[in-house]
Amino acid sequence: MTISGSWQRTARGAGLLSPDGRIASTIFAEMSALAQATGAINLGQGFPDEDGPAEVLEAARRAIADGINQYPPGLGMPVLRQAVATHQQRFYGLTVDADREVLITAGATEALAATILALVDEGDEVVTLEPFYDAYGGLIALARGVHRTVPLRLPGFLPDHDELRAAVTDRTKVILINNPHNPTGTVLPRETLELIVELAHEHDAVIVTDEVYEHLVFGVQHIPVATLPGARERTVTISSAGKTFSTTGWKIGWIVSTPELVTAVLAVKQFLTYVNGAPFQPAVAVGLGLPESYFRETAGTLQAKRDLLSQGLEKAGFDVTVPNGTYFVVADAAPLGYRDAATLCRELPALAGVVAVPISAFCSDEHAGEYASLVRFAFCKKVDVLERAAAQLARLGR
């Protein structure tokens, strides 16, 4: 069987194929396999090891029992689209038309894929922050776009505004922002978001904002780009249920945007999954309607886990950048004598019985060296698991 040369070139450029044509193994797959083979504590993958709220799980069981097991509508079930619209009003003061401005997707990754494929033509430039969630580079390449990045630098993993201005030009079609940011855990300040809106207007770009960690922030405010003056009409907001409700396997996401942009994304999305997750959609609607105490307590619990793991990493000898959001903390291994975090991550199961991921895995070849000694650890795990991991990591400091 012959695979087209153009597909092979695109897939290699996206990092999906190795030079000899095999499926390229990611560092995430490698580290997960290492954890399984060694029995090490897996702090590499960003998924929780506890179930979400009982009301949400019960709603899914009830939907299955009630026969909600066939194709839902292409836009998503009305109950969930309305719940998303109500959520945007309740938390951010945004008035959203549930019938024309909300699209339910197979998680945030499909929302990103459909949006990028809908908006980006060959040669169009897409600007992201770097390090970047690994799917971004692959999706931009598959759309045959050109990926431009703005580095996030210490202290604080914030972008330089002059570098941001230089990166966005008249060739920019999309400014893709992950906020709160994976893998660094930074939450972008208002002045940076306002600059992004300014640049989008100046260069006629669309802002695509990945906000899956919107409720998992610690002592700071998450500001959706769409709430800023002049942003709403050119912003595609993406979020999902997986992180907020500890249901990453359900793959229920959504976009909120203008009717024109929703229609453009739907035109692509219908040829990806078409629809998905019928019984999970009303269950997620229940989750979005939970009292504010749920969202507050979820963030508080996660913040305590952040502090537990951060303190353990500091005792082990890492320099730790305490995150303002997400599931992840970044630690610098240079004080321990490791300038190459990828090497450390491969040795860490034997050294401490823990698996993590190097930040360089989230970087382009051009900038990976700037982050070479940095490691990402996930703290979205049970307290006793984090306590064991912290105690085992302490061996590194001896």
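Every value quoted in this text rests on a predicted model; they were computed, and no experiment measured them.

Caption draft 1: Just the overall build of the protein, in detail. Looking only at helices and strands, the protein has 13 helices and 14 strands in total. The burial tally for the protein puts 56% of its 398 residues in the buried class. In the protein, 74% of the contacts between residues at least 6 apart in sequence involve partners at least 24 apart. Side-chain charges of the protein comprise 32 positive and 45 negative groups, with the mean position of each set lying 5 Å from the other.

Caption draft 2: Representation of the environment of K315 in the model. Structurally, K315 can be placed in helix α11 (residues 292-316). K315 sits 75 residues away from A390 along the chain, and the two C-alpha atoms are 8.5 Å apart.

Caption draft 3: Expanded view of empty space enclosed by the protein. Applying the stated criterion across every chain, the model contains one cavity of 30 Å³ or more. The computed volume of the largest cavity comes to approximately 40 Å³. Lining the largest cavity are Q88, L94, V96, A226, R232, T235, T237, V256 and S257.

Caption draft 4: Examining the packing of aromatic side chains more closely. In the structure shown here, the tally under the stated rule is 13 aromatic pairs. Ring plane angle 80° and centroid distance 5.7 Å describe the contact between F318 and F377, whose orientation is recorded as edge-to-face. Separated by 59 residues along the polypeptide, F318 in the loop between α11 and β10 (319-321) and F377 in strand β14 (residues 374-378) bring together distant segments of the chain. Pair check on accessibility: F318 and F377 agree, each one buried. Members of the aromatic cluster, each reached through a chain of ring pairs, are F91, Y92, F245, Y294 and F295. Directly above the ring of F328 sits R376, whose terminal nitrogen or CZ lies 3.7 Å from the centroid.

Caption draft 5: Region of the structure containing the UniProt feature "domain: Aminotransferase class I/classII large" (unreviewed entry) in the protein. UniProt's entry tags residues 40-390 with the feature "domain: Aminotransferase class I/classII large" (unreviewed entry), counted in the numbering of this structure. When the span residues 40-390 is considered, its composition is 38% helix and 17% strand, and the gap between its end C-alpha atoms is 13 Å.

The rules behind the values
Residues numbered from 1 in each chain as written. Predicted model: local features only at pLDDT ≥ 70, side-chain atom pairs only at ≥ 80, totals over all residues. Heavy atoms only, no water. Helix = DSSP H or I, 4+ residues; strand = E, 2+ residues; numbered from the N terminus. Buried < 20%, exposed > 50% of the residue type's maximum accessible area, 1.4 Å probe, protein only. Contact = heavy atoms within 4.5 Å. Lys, Arg positive; Asp, Glu negative; His and termini not counted. Charge placed at Lys NZ, Arg CZ, Asp CG, Glu CD. 1 Å grid on protein atoms, 1.4 Å probe; cavity = no way out; pocket = protein on both sides within 12 Å on 5 of 7 lines; lining within 4 Å. Points joined across faces, edges and corners; volume = space filled by probe spheres on them. Phe/Tyr/Trp six-rings, centres within 6.5 Å; stacked < 30°, edge-to-face > 60°. Lys NZ or Arg CZ within 6 Å of the ring centre and 35° of its normal. UniProt positions renumbered as here; feature names shortened; annotations may be inferred.

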